[in-house]
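Reading the structure
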Amino acid sequence: MASHTARILLACNFRCPFCFAAWHEEEAGAPVPLQDELSGTQWDSYLDEMRKKGNERLTISGGEPTMHPEILPLIRKARRAGYEAVELQTNGSLLTRENVRRLAKAGLTHALVSLHSHQPRIFDRITVTKGLFDTVLNGIKYFLEFGVIVDVSHVVLSLNVEGMVDYVRFLA
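Residue indices begin from 1 for each chain and proceed along its sequence in written order. The predicted origin of the model limits local features to residues at a pLDDT of at least 70 and limits the giving and counting of side-chain atom pairs to 80 or more, whereas totals for whole chains, interfaces and linings rest on all residues. For the side-chain quantities, the full set of heavy atoms in the structure was used; hydrogens and water were omitted.

**Remarks on the overall build of the chain**
Secondary structure is summarised from DSSP: a helix means a run of H or I of at least four residues, a strand means a run of E of at least two, and numbering begins at the N terminus for each. Broken down by element type, the chain carries 7 helices and 5 strands. Each helix and strand of the chain, placed in order from N terminus to C terminus, yields the pattern β-α-α-β-α-β-α-β-α-α-β-α. Relative to its 172 residues, the chain shows a buried fraction of 43%. By definition in these notes, contact holds between two residues if any of their heavy atoms fall within 4.5 Å. Of the contacts formed within the chain by residues at least 6 apart in sequence, a portion of 72% connects residues at least 24 apart. Here the open area of atoms and residues is found with the Shrake-Rupley method and a 1.4 Å probe, where only the protein chains shown may cover a residue. Entry remark: accessible area of the chain is about 8,900 Å², with carbon and sulfur atoms responsible for 51%. For the exposure calls, accessible area comes from a 1.4 Å probe over protein chains only, and a residue counts as buried if that area is under 20% of its type's maximum, exposed if over 50%, partly exposed in between.

Here is the structure:
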């Protein structure tokens, strides 16, 4: 299935040291540009153009795309444009049951959720957050509850490599 990725913003509420997201530029004092900063009917044109090129799958990425104020309309527009599959790449930090219900109702078919450790303490160290591990796990469960196909993204680092076998068991 032909696909393309729309990186709808670079802003992110995680600070993973391996990521390219805009926070690196924020800390350096550089301006933070948004890629594909489109709105309203501009999205319609963009999605139609990508469909005409034969793309049947849209991957919505960021930064953290659930921070974008037009995420739900964008998913709806993609489905109306004829995309067979719409995937969201997310860190899962904003996935309440209601948010996931809305995403699924808008037409989301797939989610790629970042889960870099099965241990909350290691997860917090990698993402430079505190206390979001359970939110991410619950978000994965909510996606499954609402029929969204879930894949998990895991970056292997010195902080989590020793726990790989237990991580795989945890996911199983």
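**Brief notes about the sheet that holds strand E2 (residues 57-61)**
On the basis of which strands lie adjacent, the open sheet formed by 5 strands has the order E1-E2-E3-E4-E5 and parallel pairing. If you trace the sheet from one side to the other, it starts and ends with strand E1 (3-7) and strand E5 (149-153), each paired once. Taken pair by pair, the neighbouring strands of this sheet meet at an average axis angle of 20°, ignoring direction. Bridging between strand E4 (residues 110-114) and E5 involves 5 bridges; their strand directions are parallel. If you follow Leu 112 over to E5, its bridge partner there is Asp 151. Strands in contact with helix H2 (residues 41-52) are E1 and E2; relative to E1, the strand with the most contacts, it is inclined by about 155°. Pairing between two strands requires that DSSP report at least two bridges joining them. Here, axes are lines fitted to C-alpha atoms. For helices the fit covers the stretch in contact, and angles between N-to-C directions go from 0 to 180 degrees.

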